[in-house]
Amino acid sequence: MAAIPALRESAFATAHRVGALVAALVLLVALVLLVGESPLAVFGALLNGAFGTWDQVGRVVNTLTVLLLCSAGLVFTFNAGLYNLGVEGQVTVGAIATTFVLRLVGEMLPGPLAITLSLVAGALGGVSWGLVAGALKVYGRVSEIFAGLGLNFIAQGAAIYLVFGPWKRPGVASTSGTEPFGEHLWLGTFGRTEATPVGVALALIGLLFTILIMQRTYFGLRLRAVGHNPRAADILGVSSARHLLSAFALCGVFAGVAGALQVVGNYHRLTPTISGGLGFLGLLVVMLAGFNALFVLPIAFFFSALNVGSLQLPLVLQRVDSSLSGVIQGVLVLAALMGRGLAQRRAGGSA
Amino acid sequence: MSGEQILVVLATAIASATPLVFAVIGETLSERAGVINLSAEGTIMFCAMVGFAAALASGSVWLGFLAAAAVGALIALIVAFNAITLRQSQIAVGFVLALLFSDLSSFLGVPIVRIPGPTVPAMPLPLLSELPIVGRLLFSSDVVVYASYVLIAITWLFFYRTRAGLMLRAIGEQPNAAFARGADVIRLRYLYTLIGGALMGIAGAAFSLDFKAGWSFRHTGGYGWIALAIVIFGGWNPLRAAFGAYLFGVLQSLASVAQDQFQGVPTQVLNVAPFALMILFLVLTSAGWLDRLLVRAPASVRRRVLQTLRTAPPAALGKPFVQD
């Protein structure tokens, strides 16, 4: 008998998931029609923009590696019950630390060694920024949401200061960033594309690590327990403080490496907006995945394709801005959240 | 700094703080009723675009403000439905809306980027504007600025001097007790969240039709996040929140003065500095170590310091109402 309510609940959930997806698509088509463009033309332009040439596929892969790392890190904080909005700052500080090390040792050490050191520095930068938010949360009782936002502003200020101040390009400082590093400090690529095997490997290892930790270890289980009810966890002997700090630290490492990849793999320099909003986008990915690491890869891939595909939209279709990617991502996540809420309400009401 | 310079700094501060005043009062109203509207960043940015577009199309700035308020309330309705009726995480839905409507403002706003449009006409108040110093500072601007003064006063009176205001505070603190006393918690939470959203919409229009006089991509970037921080800084009290908005205005205004004084510091840093400072201050004052720092202080001093520097959030903030 017990199976019947469960079955009905999952049927509800499926129905609402499909309903939410349909509603999101209808809304998106309406928005595109509103600006006076054909949805089919937009779809074609997006597809072509993301996968039209190997170059573009390479860019999708590069975006994906960074987004995957951010999302995988956020799986830990979300499961610990945290809204880690500071992830953007952690990416930025990781990128700053990476740039610092490359500037320091880039010309003295062989390329691969310098790059390795700089990746480690990125991880350390990210973890330090993550732990600041963590310490504020655990010891200062400051909401991680606002501590994170504040730390984002500070990290961005630091990046801007460095790009326009001490690290400015010889001659005139510019928003395009610092002087690009020599090619010996770039990560190797797949053929002529921009995609880097090291980035892909790091992202996949990171995601696999997250899945294993969350699904196969007691630590993952305890993290979820803390996320569910920190006080109960404390009473049962699971230190919520230690687990919250671990979640911040793990997310910081992942975000820091993501920032490092932006520097050594994508931009080859520090730019004022080096995170490219991929930290915040990671939050959306994990929300859409329902905090489940298993769903992160397909969603992150789709979102990366949207990001890259939308870049040349304004060139192909004059009336469509590249912000369409953000609109699509936001509408999908909003629809999923509402669908989930409606399903829970219906299931709860009929039980 | 000469007296004249100080006056200019303060006048600029008031002008730049006016949109924020609408936003922080709106958010305070919503949070006092128990609902966090985390969409502020998106709501303000989108409504700045909508307000400007509506004013441009209709030729009337006031219709622009009306449209912005209506759209702000509509976005708040999404928050309210998810938070109150569906009992989902207010943070999640608010955050998604913040990103979604920021991007939507760029997507739908392409045709009106950087084109000239109507602005709120200046209107120095007769007699009052001729007062020394205060006249130039407070009474020589426009209706929107005056309306923000009135809004602060009315909200404070409503909160602490009316029965309805008492009920508003009750549904954010003790919704079950308020329900037992006959308050329709659900309906009131909807009402105040929508009013709060409308005020945030007005904040957006105040940017595009008054303070910044125009619209372009991500013109109001960062203001929504800072408004949320100022609400906490203001201890959920409309007067203190408004004070926080003006303080932020002074910081920004000083930053623009400092650009001439410190040539070494890139201007871009000074633009971000007020945001960082504001949140830093918030973090420092709301943290638990303040108690430890004041352990040796006499009890009366300690109480006074803690009372001035921080207040507790509404007890039921962010929690869905479930009838006992």
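Residues numbered from 1 in each chain as written. Chains lettered and ligands numbered in written order. Predicted model: local features only at pLDDT ≥ 70, side-chain atom pairs only at ≥ 80, totals over all residues. Heavy atoms only, no water.

Topic: the overall build of chain A
Phase 1 of the analysis: Within chain A one finds 14 helices and zero strands.
Phase 2 of the analysis: From first element to last, N terminus to C terminus, chain A shows the α and β order α-α-α-α-α-α-α-α-α-α-α-α-α-α.
Phase 3 of the analysis: Here the C-alpha radius of gyration of chain A, 21 Å, is about what a compact globule of 351 residues would show, namely 20 Å.
Phase 4 of the analysis: Based on the C-alpha atoms only, the size of chain A along its principal axes is roughly 70 × 60 × 35 Å.
Phase 5 of the analysis: Sorting the 351 residues of chain A into buried and exposed places 54% on the buried side.
Phase 6 of the analysis: Carbon and sulfur atoms make up 69% of the accessible area of chain A, which totals about 15300 Å².
Phase 7 of the analysis: Treating the 19 positive side-chain charges of chain A as one cloud and the 11 negative ones as another, the clouds have centres 12 Å apart. (Helix = DSSP H or I, 4+ residues; strand = E, 2+ residues; numbered from the N terminus. Rg over C-alpha atoms; globule rule 2.2 N^0.38 Å. Buried < 20%, exposed > 50% of the residue type's maximum accessible area, 1.4 Å probe, protein only. Areas by Shrake-Rupley, 256 points an atom, 1.4 Å probe, with all protein chains shown as cover. Lys, Arg positive; Asp, Glu negative; His and termini not counted. Charge placed at Lys NZ, Arg CZ, Asp CG, Glu CD.)

Some words on the overall build of chain B
Phase 1 of the analysis: Within chain B one finds 14 helices and zero strands.
Phase 2 of the analysis: For chain B, the succession of helices and strands along the chain, N to C, is α-α-α-α-α-α-α-α-α-α-α-α-α-α.
Phase 3 of the analysis: Taking 20 Å as the expected radius of gyration for a compact globule of 324 residues, we find that chain B reaches 20 Å, a close match to that expectation.
Phase 4 of the analysis: Across its three principal directions, the C-alpha atoms of chain B cover 55 × 55 × 40 Å.
Phase 5 of the analysis: Here chain B holds 324 residues, and 55% of them are scored as buried.
Phase 6 of the analysis: Contacts in chain B between residues far apart in sequence, at least 24 positions, make up 77% of those at least 6 positions apart.
Phase 7 of the analysis: When the accessible surface of chain B is summed, it comes to about 13500 Å², and 68% of that surface belongs to carbon and sulfur atoms.
Phase 8 of the analysis: When the 20 basic and 13 acidic side-chain charges of chain B are each reduced to a single mean position, those positions are 12 Å apart. (Contact = heavy atoms within 4.5 Å.)

Some remarks on the packing of aromatic side chains
Residue and element names in this part refer to chain B.
Phase 1 of the analysis: Tallied over the entire structure, the rule returns 22 aromatic pairs over all chains.
Phase 2 of the analysis: On the basis of an interplanar angle of 55° and a centroid distance of 4.6 Å, the ring pair of F207 and Y223 is categorised as tilted. Linking F207 in helix α9 (residues 185-211) with Y223 in helix α10 (residues 223-233), this pair joins segments that are 16 residues apart in sequence. The residues F207 and Y223 share a single accessibility class, namely buried. (Phe/Tyr/Trp six-rings, centres within 6.5 Å; stacked < 30°, edge-to-face > 60°.)

Focus: the environment of B:R87
Residue and element names in this part refer to chain B.
Phase 1 of the analysis: With respect to the helices and strands, the residue R87 is situated in the loop between α3 (61-85) and α4 (90-109).
Phase 2 of the analysis: When its relative accessible area of 45% is taken as the criterion, R87 is described as partly exposed.
Phase 3 of the analysis: Along the primary structure R87 and S106 are separated by 19 residues, whereas in three dimensions their C-alpha atoms are 30 Å apart.
Phase 4 of the analysis: The residues contacting R87, other than those within four sequence positions of it, are N82, P320, F321 and V322.

Side note on the pattern of salt bridges
In a structure, side chains of opposite charge can pair up when their charged atoms sit close to one another.
Phase 1 of the analysis: Under the definition given, this model contains seven salt bridges over all chains.
Phase 2 of the analysis: As a salt-bridge pair, A:E37 and A:R319 come within 3.9 Å of each other at their nearest N and O atoms. Here A:E37, found in the loop between α1 (3-34) and α2 (39-51), pairs with A:R319, found in the loop between α13 (313-316) and α14 (324-350); they are 282 residues apart in sequence, far enough to count as distant.
Phase 3 of the analysis: A:E37 sits in the buried class, given a relative accessible area of 13%.
Phase 4 of the analysis: B:R136 serves as the salt-bridge partner of B:E4, at 3.3 Å between the closest nitrogen and oxygen. Residue B:E4 is found in helix α1 (residues 3-32), and its partner B:R136 is found in helix α5 (residues 134-138); the two are separated by 132 residues along the sequence.
Phase 5 of the analysis: Of the residues examined, B:R136 reaches a relative accessible area of 46% and is grouped as partly exposed.
Phase 6 of the analysis: Each of A:D55, A:R59 and A:E194 takes part in salt bridges that share partners, so that together they form one network. (Salt bridge = Lys/Arg side-chain N within 4 Å of Asp/Glu carboxyl O.)

Examining the interface of chain B and chain A
Phase 1 of the analysis: Tallying the contact residues gives 43 residues for chain B and 43 residues for chain A.
Phase 2 of the analysis: Three residues, B:F95, B:V96 and B:F107, lead the burial of chain B against chain A; their summed loss comes to 17% of the area buried on that side.
Phase 3 of the analysis: For the interface between chain B and chain A, the tally reads zero salt bridges.
Phase 4 of the analysis: Across the chain B-chain A interface, the total number found is five residue pairs in polar contact (both at pLDDT 80 or more).
Phase 5 of the analysis: Secondary-structure elements contributing two or more residues to the side of chain B that touches chain A are α3, α4, α10, α12 (267-286) and α13 (289-293) of chain B.
Phase 6 of the analysis: If one sorts the elements of the side of chain B that touches chain A by residue count, α4(B) sits on top with 13 residues.
Phase 7 of the analysis: Residues that form the side of chain B that touches chain A fall into these classes: 31 nonpolar, nine polar and three charged. (Buried area = accessible area lost by both parts, 1.4 Å probe. Polar contact = N/O pair within 3.5 Å; in protein donor to acceptor, adjacent residues only side chain to side chain. Nonpolar A, V, L, I, M, F, W, Y, C, P; charged D, E, K, R; others polar.)

Here we look at a nonpolar patch on the surface
Residue and element names in this part refer to chain A.
Phase 1 of the analysis: Taken together, the side chains of F43, L47, F51 and F301 make up a nonpolar region of the molecular surface, amounting to roughly 390 Å² of accessible area.
Phase 2 of the analysis: Among the elements that make up the nonpolar patch, the one with the highest residue count is α2 (three residues).
Phase 3 of the analysis: As for its placement among the helices and strands, F301 is situated in helix α12 (residues 296-310). (Patch = residues over 30% accessible without salt bridge, like charges linked within 9 Å, V, L, I, M, F, W, Y side chains within 5 Å.)

Quick notes on the domain arrangement of chain A
Residue and element names in this part refer to chain A.
Phase 1 of the analysis: Each assigned domain of chain A is listed with its residue range as follows: domain 1 (1-37 + 319-351) and domain 2 (53-317).
Phase 2 of the analysis: On a C-alpha basis, the centres of domain 1 and domain 2 stand 28 Å from each other.
Phase 3 of the analysis: In this complex, domain 1 contributes 14 residues to the contact, which on the side of domain 2 involves 14 residues.
Phase 4 of the analysis: Here domain 1 and domain 2 share an interface that buries about 1200 Å² over both sides, 71% of which is from carbon and sulfur atoms. (Domains from an automatic or database assignment.)

Examining the state of the cysteines
A disulfide bridge is the covalent bond that connects two cysteines by way of their sulfur atoms.
Residue and element names in this part refer to chain A.
Phase 1 of the analysis: Enumeration according to the criterion identifies zero disulfides over all chains in this entry.
Phase 2 of the analysis: Here C70 stays unpaired: no disulfide links it, and the sulfur of C251, its closest cysteine neighbor, is 7.6 Å away.
Phase 3 of the analysis: By relative accessible area, which is 1% here, C70 ends up buried. (Disulfide = S-S within 2.5 Å.)

Re the nonpolar core
Phase 1 of the analysis: With 203 residues, the main nonpolar core has A:F303, A:L324, A:V327, B:F95 and B:W225 as its most contacted residues.
Phase 2 of the analysis: Each of domain 1 (1-37 + 319-351) and domain 2 (53-317) of chain A contributes no fewer than three residues to this core.
Phase 3 of the analysis: Setting aside anything within four residues of it in sequence, one finds A:V327 in contact with A:L28, A:L31, B:L100, B:D103, B:L104 and B:F107. (Core = buried A, V, L, I, M, F, W, Y, C linked by side-chain atoms within 4.5 Å.)

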